[in-house]
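# Secondary and tertiary structure notes
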Amino acid sequence: MKQHQGKDSRPPLVADWQHLMRTFIRPEDEASRAVLTKYMEQILFGLHDFLASHVGVTRERTLKELAEAYSDASISPAPEKKLDEIISELIEEVAPHAVNVSSPYFVGHMTSAIPFFMVHLRTIVAALNQNVVKLETSKILSVIEKQVLAKIHRMVFQREAGFYARHVQHPETMLGAFTENGTLANFTALWAARNRLFAPGPGFAGIEVEGVHAAYRHKGVRRCVVLASRLGHYSLRKAAGLLGIGNEQLVVVEMDSGWRVDLDKLAETVRDLTRPGSETAVLAIVGIAGTTETGTVDPLEPMAEICAEHGIHFHVDAAWGGPTLLSGAFRGLLSGIEKADSVAIDGHKQFYMPMTSGMVFFRDPTALDAVAYHARYINRPGSVDLGIRSISGSREATSLMLDCALRIMGAEGYALLIDHGIETAKAFAAAIEKRKDFELITAPELNILTYRLCSRRLQQRLESCGQEERRAINERLNRINRDLQRRQREAGKSFVSRTTLSGPATNNEQIVVLRTVIMNPMTTVAVLEEILDEQERIFAAMNAAAAPENAP
Ligand SMILES: Cc1ncc(COP(=O)(O)O)c(C=O)c1O
């Protein structure tokens, strides 16, 4: 923006047509090109330096202070700052108060460091500014998207080469769809499944057209349910709500002692729901390949058999665990996934893409026809516009980033990351078990594990005592673990998350646990040992301050 000389030392900025136009036009001379390159460098390396040097999770500045500093609800009439000032402000004032999810000590969530080349790829995607809703605004990007969908579909379903040759660029079939996240990937899977279950028939135009009430009447049912274990992600409840079946109709199936769906209970529930007179339609059974809280994988193979026996849609939520299929050592953990009808996988999780990217895949390449929408100005019948079979309208070409990443890393590169996470998690579990103050609650199957502060003495006591005493001990431990997690987070050096688990393994008691997700290749066992050391120190300080009756 143009600067006018003012009374202050700095001239005020004014909006000016000529300067505005320049922000839309590529730099016309060497001088302005050099300025833009300098800005780009400032962004790429300024942020990278911050992420590399800043070890703690976040610098100290309270949320209250931040909220007060960002409470101005007015848009300034004149331009406030020039681009270089804005970039400096972002690097110096915003980034330090964001969460450094790239830190190797940030092991609490499914958000972590990404390969640096992703930033470059994202910049290119933004610069191209393609809209993959339709070919007219994306052309080759839509073609690349179809190809990358086929690559991941093949990773999951392993259909024969001819199948992919036929469908990879088929104008009328879709092997899957990109979505903004795992939530919408799960939604899309259940949306298509719902519309296929209540498909159009004589005297009925289909549930998408006539709605839930007419659909139930047509099918002679009173309700429609989705089955998943207690560890199912809450996006499944959202989907049930959005789809109009009601989120109460997400039927929770109990788990076995290994935090996987209990197959006997599942079979029994399905028998009960499908018996004559139950007036219930089973929309889908959801298997989880890497639960959010424990990382466990449901027994997909037998779940697929139950679904096949009863003609029920089998959806696998592999938002987290999907890329494990690229690891020669661990892909067997997901065996049976190839029998699913649909599979959700997140790009921004173990494909290490920047926020946000989700995907959903269907074994049947015509499944997404059940959610097709057309408009007069785009997405016309017969066109290959990707927006026809998608919950989104306008959408960026995140698929280009995944396609490039797959070629930069290769399946073997991703396998190194997956193997590192699982092997480090296993070594971490062993380290936890060696320490007398900690109890491993869920051993890692993939790269997620949970544990809690609970001394060996209390662990033994819990095994032998009665129900009432056990409950009292657990309640006290829950308080301590909640407090410990909060204190460690506030100290700002490392971050583990916390959740509350309950299942047969905990005698169905609510247990507060510390949860770690190990996906950052820079997170080593030594780093994790340091995190445990810090927890021991915090605990010792809590103990020293506690009244004797509260001491664990
Ligand atoms: C198993 C599982 N499914 C679905 C989701 C939802 O994904 P998103 O947060 O990308 O919407 C998550 C997120 O953590 C998840 O762990």
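A brief structural summary. Here the structure is a predicted model, which is why all the values come from computation and not from measurement.

What follows concerns the overall build of the protein chain. Counting its secondary structure elements, the protein chain contains 16 helices and 13 strands. Relative to the globule expectation of 24 Å for 552 residues, the C-alpha radius of gyration of the protein chain, 26 Å, shows essentially globular dimensions. The dimensions of the protein chain, computed from C-alpha atoms along their principal axes, are 80 × 75 × 45 Å. Per-residue burial for the protein chain yields a buried fraction of 49% across its 552 residues.

Under the criterion given, the structure shown has 0 disulfides. As a non-bridged cysteine, Cys224 has Cys307 as the owner of its nearest cysteine sulfur, 14 Å distant. Cys224 sits in the buried class, given a relative accessible area of 0%. Residue Cys307 is classed as buried on the basis of its relative accessible area of 1%.

Here the focus is the packing of aromatic side chains. To describe a pair of aromatic rings, you give the distance between the ring centres and the angle between the ring planes. For the structure shown, the criterion picks out 7 aromatic pairs. Ring plane angle 20 degrees and centroid distance 5.1 Å describe the contact between Phe106 and Phe495, whose orientation is recorded as stacked. Of this pair, Phe106 sits in the loop between α4 (83-94) and α5 (117-128) while Phe495 is found in the loop between α15 (467-491) and β12 (497-501), placing the two residues 389 residues apart along the sequence. Relative accessible area serves as the criterion here: at 8%, Phe495 is assigned to the buried category. Where Phe351 meets Tyr414, the ring centres are 5.4 Å apart and the plane angle is 85 degrees; that geometry is what we call edge-to-face. One end of the pair, Phe351, is in the loop between β8 (342-346) and β9 (358-362); the other, Tyr414, is in helix α13 (residues 398-434), and 63 residues separate them in sequence. A relative accessible area of 1% places Tyr414 in the buried class. Looking at Lys219, its charged tip hangs above the ring of Phe198, at a distance of 5.7 Å from the centre.

Turning next to the pattern of salt bridges. Taken as a whole and judged by the stated rule, the model has 29 salt bridges. Note that Asp364 is salt-bridged to Arg196, the shortest N-O span being 2.9 Å. Linking Asp364 in the loop between β9 and α13 with Arg196 in helix α8 (residues 182-197), this pair joins segments that are 168 residues apart in sequence. Judged by relative accessible area, which is 29%, Asp364 ranks as partly exposed. Since its relative accessible area comes to 39%, Arg196 is described here as partly exposed. Ionic pairing is found between Asp272 and Arg275, a salt bridge with its closest N-O pair at 3.1 Å. With a relative accessible area of 43%, Asp272 lands in the partly exposed category.

About the thresholds
- Residues numbered from 1 in each chain as written.
- Predicted model: local features only at pLDDT ≥ 70, side-chain atom pairs only at ≥ 80, totals over all residues.
- Heavy atoms only, no water.
- Helix = DSSP H or I, 4+ residues; strand = E, 2+ residues; numbered from the N terminus.
- Rg over C-alpha atoms; globule rule 2.2 N^0.38 Å.
- Buried < 20%, exposed > 50% of the residue type's maximum accessible area, 1.4 Å probe, protein only.
- Disulfide = S-S within 2.5 Å.
- Phe/Tyr/Trp six-rings, centres within 6.5 Å; stacked < 30°, edge-to-face > 60°.
- Lys NZ or Arg CZ within 6 Å of the ring centre and 35° of its normal.
- Salt bridge = Lys/Arg side-chain N within 4 Å of Asp/Glu carboxyl O.

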